[in-house]
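# Residue-level structural notes
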Amino acid sequence: MHQWIMVAGLLTLILISSCKHEPLIAPEGVTDATINTSGNGNNVGNNNGIPCDSNTVYFSTQVLPFLVSNCAKSGCHDAATHEEGVILDSYANVMATANVQPYDPSHGKLLESLTASDPDDLMPPAPNSPLTTQQINLIQTWIQQGAQNLFCTNTLCDSAGISYSSKVEPIINISCKGCHSGSNPGGGITLNSYATVVAQANNGKLLGSIIHAAGYSPMPKNSAALSTCEIGIIRNWISEGTQNN
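Anyway, here's the lowdown on the structure attached to this text. Not measured: the values here are computed from a predicted model.

### Let's talk about the packing of aromatic side chains
According to the stated counting rule, one finds 5 aromatic pairs in the structure shown. Centre to centre, the rings of Y91 and W142 are 6.5 Å apart; their planes meet at 80 degrees, and the pair counts as edge-to-face. Taken as a pair, Y91 in helix α3 (residues 91-97) and W142 in helix α5 (residues 133-144) lie far apart in primary sequence, 51 residues in all. Here Y164 and W237 contribute two aromatic rings whose centre-to-centre distance is 5.3 Å and whose plane-to-plane angle is 35 degrees, an arrangement assigned as tilted.

Put into C-alpha cells, the structure is as follows:
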C-alpha cells in the first residue's frame, strides 16, 4: 500500500513539473519577431506558442530594435563601421563584441557606455539623443536575467481600433525614432512627434517603407522587418484615419 502511495506521489510531481512554461532560447536564426501570432498564420516553429511573460525581457522585440535604431547606424556600430570593434545589429554580434556580462549589469561595456557621466564616453554620442531611462532599464533587466535570446508568442496582438499613443507611438519610438530624430535625421525624415509621423503616413512613405514595398527604402534600416502584428497596427491606424488618440 505504501509503495502505491509513493508511486502516485512521484507521478503527480512529474505531471506538475511538465506543465510549467519557461521562456525558451530562440533557435538559430529565429527571433520572437518571426514567431508572433495574431490569428494570421504567421506562427513559426511552435504551433502551441510560448506565452509572453511580462516580467521577462525578450531581446529581439524589446531591446534589439532600439539598439539598431540608436546605435547600429552608419558611422557608429553597424557591421560596416563597427566603431571600436562593436557591432550592435543582432543578438550574436551584441554578445560577441559589446562585452556583456550575463547576470552582472555592474560590469561589462554595453551598459557602462549607455550610462556614462562623461559626455565624451556616453553613447549614443551627441548630437544624438541618449537612450531613455526605460530603455536603459530594459537592458539592465535583460542582463540581470542572463542576457539570453528568449522568444515567446504574442497572443495579445489586436490591430483593430488603434490608439496612436498606446499602440503606434511605442513602435515608432523603439524602432524608428533613433534614426529619424535630432539635427541630422536619416533621409531627412523626422519621426519625433505625432505631426511628423502623420506627414509620412499621409504621403505613403511610412507604410511603404515598413512593408518593404518596391520604390521605398526598407525600414527599419539594417534590421529585420517589423513583425506582422506591428505592421498590422500601423496599417490599420492609417486606414482608420491616423487619429491622434
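### Some details on the pattern of salt bridges
Scanning all chains against the criterion turns up 1 salt bridge. The residue E112 makes a salt bridge to K109 at a minimum N-O spacing of 3.8 Å. In this pair, E112 and K109 are both assigned in helix α4 (residues 109-114), 3 residues apart and thus about one turn of the helix distant.

### Examining the state of the cysteines
Tallied over the full model, the rule gives 1 disulfide. In this model, C52 is linked to C152 through a disulfide, with the two sulfur atoms separated by 2.0 Å. An S-S torsion of about 80 degrees defines the bridge between C52 and C152 as right-handed. Pair noted here: C52 is in the loop between β1 (24-25) and α2 (59-70) and C152 is in the loop between β2 (150-151) and α6 (164-175), with a separation of 100 residues, a long-range link. Classification of C52 by relative accessible area gives partly exposed; the value is 39%. The closest cysteine sulfur to the non-disulfide-bonded C71 is located on C76, 7.8 Å from its own sulfur.

Each value, and the rule that gives it
- Residues numbered from 1 in each chain as written.
- Predicted model: local features only at pLDDT ≥ 70, side-chain atom pairs only at ≥ 80, totals over all residues.
- Heavy atoms only, no water.
- Phe/Tyr/Trp six-rings, centres within 6.5 Å; stacked < 30°, edge-to-face > 60°.
- Helix = DSSP H or I, 4+ residues; strand = E, 2+ residues; numbered from the N terminus.
- Salt bridge = Lys/Arg side-chain N within 4 Å of Asp/Glu carboxyl O.
- Disulfide = S-S within 2.5 Å.
- Buried < 20%, exposed > 50% of the residue type's maximum accessible area, 1.4 Å probe, protein only.

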